[in-house]
Each structure stands twice: as C-alpha cells, then as structure tokens.
Amino acid sequence: MTLGCLAVRAAGEVTLRVRHRPGGRLPPFLLVHGMAANARVWDEVAEVLAGKGHAVYAVDLRGHGESDSPDHGHDTATAAADLAGLCSRLGLSRAVVAGHSWGGHVAVRLAAEQPDLVAALALLDGGWLDPSAAFGSWDRYSASLPRPNLARLSPDGVRDSLRAIHPTWSPTAVEASMASMTVHPDGSLSPRPTADRQAEILRSIWDDPPARYFPAITAPVLLMPALPKGIDRRWAQRIRSVVESAAAALPSASIREYLDSDHDLHAQHPARVAADLLSLAGSLTAR
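One numbering rule holds for all chains: residues counted from 1, following each sequence as written. Local features in this predicted model are restricted to residues whose pLDDT is 70 or higher, and side-chain atom pairs enter the listing and the counts only when it is 80 or higher, whereas totals over whole chains, interfaces and linings include all residues. Each side-chain value is worked out from all heavy atoms of the structure, with water and hydrogens disregarded.

A. Broad picture of the overall build of the protein. For the protein, the helix and strand inventory stands at eleven helices and twelve strands. Along the three orthogonal principal directions, the C-alpha set of the protein runs to about 55 × 45 × 35 Å. Here the protein displays about 13,100 Å² of accessible surface, and carbon together with sulfur accounts for 52% of that area. Separation of charge centres in the protein, based on 28 positive and 30 negative side chains, amounts to 4 Å. Put simply, DSSP marks the helices as runs of H or I at least four residues long and the strands as runs of E at least two long, and each gets a number from the N terminus on. In this description, accessible areas are obtained by the Shrake-Rupley approach with a 1.4 Å probe, and a residue is regarded as covered only by the protein chains that are shown. Neither His nor the chain ends is counted toward charge; the positive residues are Lys and Arg and the negative residues Asp and Glu. Throughout, a charge is located at the NZ atom of Lys, the CZ atom of Arg, the CG atom of Asp or the CD atom of Glu.

B. Here's a closer look at the nonpolar core. Within this scheme, the nonpolar core is defined by two criteria: the residues are buried Ala, Val, Leu, Ile, Met, Phe, Trp, Tyr or Cys, and they are joined through side-chain atoms within 4.5 Å. Here the term buried applies to any residue with accessible area under 20% of the maximum for its type, exposed to any over 50%, and partly exposed to those in between, with areas from a 1.4 Å probe on protein chains only. Grouped together as the largest cluster of nonpolar side chains are 50 residues, with contacts concentrated most on Leu-30, Val-97, Leu-121 and Ile-217. For this core, the element with the most residues is helix H3 (residues 102–113), which contributes seven residues. Every residue pair with non-hydrogen atoms within 4.5 Å of one another is taken to be in contact. Filtering out sequence-adjacent residues up to four positions away, Ile-217 remains in contact with Val-108, Ala-111, Ala-112, Leu-121, Leu-250 and Pro-251. Ranked by size, the runner-up nonpolar core spans 31 residues in total, among them Val-41, Trp-42, Leu-278 and Leu-284.

C. Representation of the pattern of salt bridges. Criterion for a salt bridge: a side-chain nitrogen of Lys or Arg within 4 Å of a carboxyl oxygen of Asp or Glu. Applying the stated criterion to the full structure yields 17 salt bridges. In this structure, Arg-159 and Asp-156 form a salt bridge, with 3.3 Å as the shortest nitrogen-oxygen distance. Separated by three residues within a single helix, Arg-159 and Asp-156 lie in helix H6 (residues 155–165), roughly one turn from each other. A salt bridge links Arg-240 to Glu-257, with the nearest nitrogen and oxygen atoms 2.7 Å apart. With Arg-240 in helix H9 (residues 233–249) and Glu-257 in the loop between strand E11 (253–255) and strand E12 (258–259), this residue pair connects regions lying 17 residues apart in the sequence. Via salt bridges that share partners, Arg-19, Arg-21, Asp-43 and Glu-47 belong to a single interconnected network.

D. View of the pairing of strand E4 (residues 56–59). By the alternation rule, side chains of E4 split into Val-56 and Ala-58 and Tyr-57 and Val-59, which are all buried. Pairing between two strands is assigned when DSSP locates at least 2 bridges connecting them. By the bridge criterion, four bridges tie strand E2 (residues 14–21) to E4 in an arrangement that is antiparallel. In the sheet register, His-20 faces E4, and the bridge partner there is Tyr-57. Bridge analysis of strand E3 (residues 29–32) against E4 gives four bridges, and the strand direction is parallel. Bridging across to E4, Val-32 finds its partner in Val-59.

E. Seen up close, the packing of aromatic side chains. Each pair of aromatic rings taken from Phe, Tyr and Trp, with Trp reduced to its six-membered ring, is defined by centres within 6.5 Å and is described as stacked if the planes are under 30 degrees apart, edge-to-face if over 60, and tilted in the remaining cases. Counted according to the given criterion, the structure contains four aromatic pairs. Both rings, one in Tyr-141 and one in Trp-206, keep their centres 5.8 Å apart while their planes meet at 25 degrees; by these two values the pair is stacked. Of this pair, Tyr-141 sits in helix H5 (residues 138–144) while Trp-206 sits in helix H8 (residues 195–207), placing them 65 residues apart in sequence. Here the two residues Tyr-141 and Trp-206 agree in accessibility, since each one is buried.

F. Examining the environment of His-100 more closely. Tracing the chain through its elements places His-100 in strand E5 (residues 95–100). For His-100, the residues in contact, after removing those within four places along its chain, are Val-32, His-33, Gly-34, Trp-42, Leu-124, His-263, Asp-264, Leu-265 and His-266. Throughout this description, a polar contact denotes any pair of N or O atoms lying within 3.5 Å of each other; where both atoms belong to protein, one of them has to be capable of donating a hydrogen while the other can accept it, and for residues adjacent in sequence the pair is counted only when both atoms sit in side chains. Of note is the side chain of His-100, whose polar atom sits 2.9 Å from the backbone oxygen of His-263.

G. Highlighting the environment of Ser-283. Mapped onto the fold, Ser-283 is located in helix H11 (residues 270–285). Accessibility expressed as a relative area gives 30% for Ser-283, which makes it partly exposed. For the pair Ser-283 and Met-35, spaced 248 residues apart in sequence, the C-alpha separation works out to 29 Å. At 2.5 Å, the side chain of Ser-283 and the backbone oxygen of Leu-280 are in polar contact.

H. Quick peek at the sheet that holds E11. What the eight strands build is an open sheet, ordered E1-E2-E4-E3-E5-E6-E9-E11; its pairing is mixed. Of all the strands in the sheet, just strand E1 (4–11) and E11 have a single pairing partner and so form its edges. Within the sheet, the average angular offset between the axes of one strand and its neighbour, ignoring direction, is 25 degrees. Throughout, an axis means a line fitted to C-alpha atoms (over the contacting stretch in the case of helices), and angles, computed between N-to-C directions, take values from 0 to 180 degrees. Helix H2 (residues 76–90) rests against E1, E2, E3 and E4 of the sheet, and its axis sits at about 120 degrees to E1.

I. Local environment of the state of the cysteines. Working definition: a disulfide is two cysteine sulfur atoms within 2.5 Å of each other. The tally for this structure, following the rule as stated, stands at zero disulfides. Here Cys-5 stays unpaired: no disulfide links it, and the sulfur of Cys-87, its closest cysteine neighbor, is 18 Å away.

J. Representation of the packing of H6 against helix H7 (residues 171–178). The geometry of H6 relative to H7 is characterised by a closest axis approach of 10 Å and an angle of 130 degrees between their N-to-C directions. The orientation of H6 with respect to H7, classified from their angle, is oblique. Seen from above, H6 lies across H7 with right-handed handedness. Along the contact surface, H6 presents Pro-155, Val-158, Arg-159, Leu-162 and Arg-163, while H7 presents Val-174, Glu-175, Ser-177 and Met-178. Throughout, the term roughly parallel applies to angles under 35 degrees, roughly antiparallel to angles over 145, roughly perpendicular to angles from 65 to 115, and oblique to all others. What makes a crossing left-handed is the near helix being turned counterclockwise from the far one by less than a right angle; a clockwise turn instead makes it right-handed.

Structure follows, in structure tokens:
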C-alpha cells in the first residue's frame, strides 16, 4: 500500500507527523504508540490493515518521532486532546483506535471524552495499569523503570542489543525502534522524548489512571495483554486479575491473551495483531 507522511496541526502550535495508508469505505484505523516509541513501530501491522482496504493513520505523539516537541504538554490528557485535534483536521471519525502501552492510556481517554471519534478500541498491553495499586508509592514505581544509558552506545551497538533481546523481530521492527532515538552527527545517541519529557509522561500515568474513564466508554474494547515466556505463575495470575477487572468495568469488552510474548506485541507478532484488529473492525460492520 502507498505510504504517505502527513504534517497535521493538532492543537495550538503543535504539528504532529502521521504515517498514512489510504483505504476504502471500511472503518479507518488510528494507531497510537507508547512512551518513547514512534509511529513506525506500527508499519508491519499497518501494511496488513491497509491491504484489507482500511485507511490507516499511525501518529507520532508530541515529543516523539518526527512530531513537534514543545516545552509543555507531555501528559496523557494533552496527548488525547492532540489526537482529537488531529481527527478533526483529518475529518476522521468512527475509527478503530489501537493504543500500545501508554498509548493505550491515551486511547482510553480519547474514547471517553470523544466517543464519536472512536468506534472500537484495542489496548495492546496497556490502557489499564494503575501503578499506585501495583507499586504503592511513586518512588517504587519510578525506580522500577529501566533507564538505558545511551551515552556509551553506538547506533550499531543498539541494533545488536535489540536483535539479541528480541530475536524474532524483523529488520523493520528493529529500525522502527531505532527511530525512537536521535542520532547526532558525531554518532552519539539521545532519547526522544528527552528524559524530562518522559518523566512528565510517567507522572501523568501515576496521577491519572485510566480506570476512572472506563464507565464513559461506549465503544467495544479488546484487551490484549502480554504474558512473557517463563513468567511466574503467581505473576501471570496477577496480570490476568488486573485485566479481567478492567474488562468487567468496561461496558463491552473482550480479552485476547498473547502467551509467551513480550511487551511490544505489534513488533513481535504483527500478523497476529493485525488479524485481531481486523476481527474487531469486522465486528462493527456485522452489527
């Protein structure tokens, strides 16, 4: 499918970059990445969706990828407002919105606050986490998160590390992950978004858990949790319990577990993720 790259003024002076694949009359897809990721991580999924006749829009949220990175607004509420502005500019409504990780939180808030924009919602290993319940304190939550030190790494070194950690990822997925960093002329790397902007996002995840928005969501929701290979049985049950509680709080929800999978489902299993998203979209036309 033909890939186009759009620059869309979403809110105020912020311009978001969007990877767009055209489609026909079927429901469009809006794909939302997680924190410190970018729109390219959806490329393999998007190709399948567009190949079935759906228009697909994968967005770089503010501060990520090729989108603007202002000094403010790096939080869930602003990201959801940015998506609402983006949809208005594009004339996009009744979309199937898929959000990964923190992108799931953003998608939940969008669906709750702008129900006419969201026909169905898919949450890929995110969109239900309440870190205060899981960790008890901000300090414990903050300390649990990985903080990779890029200062001593080269681009090729990062690629080698990604291949070692994710041996089933395709070259496309590896390069998409590389696009979440800035490579400077001297070969050094820095994260995008910057550490202070990531801290702002993390604080909003802590302060603004998605469950408070579940009662306002009217669209059908597909929850897609990852259960890593070799996971402890008690930890797996804890994940299932949290996901099942989220599903019970939503008006119309179903669960599709991804066993033996890592957090980046769309990178590890693009064909399977695409099939589940197509099934969700197909359930809309069957109504």
